[in-house]
Amino acid sequence: MEALDALINRVSCPRLEGPAPTAEQLELMLKAAVRAPDHGALRPWRFIVTQGEGLVQLGKLYATAAKADDPDLAPARYEKYCNMPLRAPMVITVVAVTREHPKVPVSEQLISAGCAAHSITQTAHALGLGAMWRTGEMAYHPQVEQGLGLAEGETIVGYIYLGQRCRDREAPRLGLDEFVTHWEG
Ligand SMILES: Cc1cc2nc3c(=O)[nH]c(=O)nc-3n(C[C@H](O)[C@H](O)[C@H](O)COP(=O)(O)O)c2cc1C
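Just so it is clear, the structure is predicted and the values come from calculations on it, not from any experiment. (Residues numbered from 1 in each chain as written. Predicted model: local features only at pLDDT ≥ 70, side-chain atom pairs only at ≥ 80, totals over all residues. Heavy atoms only, no water.)

**Q** Would you mind showing me how to read the packing of aromatic side chains here?
**A** How two aromatic rings sit relative to each other is set out by the distance from centre to centre and by the angle between their planes. Scanning the model with the defined rule gives one aromatic pair in all. Between Y62 and Y159, the aromatic rings sit 5.6 Å apart at their centres with planes inclined by 65°, giving edge-to-face as the arrangement. In this pair, Y62 is assigned in helix α3 (residues 53-69) and Y159 in strand β5 (residues 154-165), connecting sequence segments 97 residues apart. For the pair formed by Y62 and Y159, the shared burial category is buried. Above the plane of the ring of Y161 lies R134, whose end atom (NZ or CZ) is 5.3 Å from the centre. (Phe/Tyr/Trp six-rings, centres within 6.5 Å; stacked < 30°, edge-to-face > 60°. Helix = DSSP H or I, 4+ residues; strand = E, 2+ residues; numbered from the N terminus. Buried < 20%, exposed > 50% of the residue type's maximum accessible area, 1.4 Å probe, protein only. Lys NZ or Arg CZ within 6 Å of the ring centre and 35° of its normal.)

This is the structure:
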């Protein structure tokens with residue numbers, strides 16, 4: 001796919017199916033991710049790749065965290081948390097690795113990690129794969145952060161769900177006038 005086509009027509013795919021991206025596809029997505037713009041070359045990101053049994057374990061981590069918040073959690077809700085990561089055959093957890101820096105505020109480091117996450121979705125689209133950036137409460141739960149081994153200064157910026165597209169979606173055509181002005185002083 002041409003680069004411009006991929007950039008302009010990327011869409012998210014809420015419904016994904018197997019097989020998971022191949023090792024080659026995964027490498028391309030991660031290579032693109034680490035080329036995200038990065039003030040100070042801090043490389044403020046890391047990527048946790050989960051598939052197969054790992055997805056089952058991730059679901060259990062979510063459900064256990066939800067149960068810790070609400071000991072009366074209904075079994076159906078518990079099950080729902082278990083099934084969340086099973087919506088795709090691969091999930092890449094994008095982690096912002098931030099630290100205090102004299103020139104680069106933490107907010108910029110978070111933006112860089114977000115750009116890295118977006119590069120994964122763009123590359124997935126260019127490869128003909130489907131991707132969906134998700135967060136939700138399980139991106140911010142301390143028990144999930146601990147289970148995934150996050151350290152101080154690390155934040156989940158997104159779970160990128162990846163797989164084969166169940167159906168093709170058209171990118172919405174947004175008029176630019178609403179968002180763009182030209183400033184001439
Ligand atoms: C930081 C971030 C977190 C998101 N979290 C969710 C989420 O938890 N659930 C969801 O349905 N969409 C979430 N989205 C939105 C989808 O990834 C997607 O962008 C949206 O459905 C619009 O589809 P499109 O990308 O094809 O325009 C998130 C997007 C971003 C940037």
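On we go.
**Q** Would you explain unusual backbone geometry in this entry?
**A** For the bond from G18 to P19, the omega torsion is 0°, close enough to zero to count as cis. One can find P19 in the loop between β1 (16-17) and α2 (23-33).

**Q** Even after reading the chapter, I still don't get the site of the ligand, so can you show me in this structure?
**A** Near the ligand, the surroundings consist of R10, V11, S12, M132, W133, R134, T135, G136 and R169. A distance of 2.7 Å is found between an oxygen atom of the ligand and a backbone nitrogen or oxygen belonging to W133. Summarising the interface, the protein chains cover 53% of the accessible area of the ligand, which totals 620 Å² for the free molecule. Residues of the shell around the ligand, tallied by class, amount to three nonpolar, three polar and three charged. (Near = heavy atom within 4 Å. Polar contact = N/O pair within 3.5 Å; in protein donor to acceptor, adjacent residues only side chain to side chain. Areas by Shrake-Rupley, 256 points an atom, 1.4 Å probe, with all protein chains shown as cover. Nonpolar A, V, L, I, M, F, W, Y, C, P; charged D, E, K, R; others polar.)

**Q** I'm lost on the nonpolar core in this one. Help?
**A** General note: in soluble globular proteins, nonpolar side chains tend to be found buried as a group. With 25 residues, the main nonpolar core has Y62, Y81, M138, V144, L148, Y159 and Y161 as its most contacted residues. Ranked by residues supplied to this core, first place goes to α3 with seven residues. For Y81, the residues in contact, after removing those within four places along its chain, are G59, Y62, A63, A66, L73, E137 and M138. By size, the runner-up hydrophobic cluster in this structure holds 19 residues, among which are W45, V157, I160 and L162. (Core = buried A, V, L, I, M, F, W, Y, C linked by side-chain atoms within 4.5 Å. Contact = heavy atoms within 4.5 Å.)

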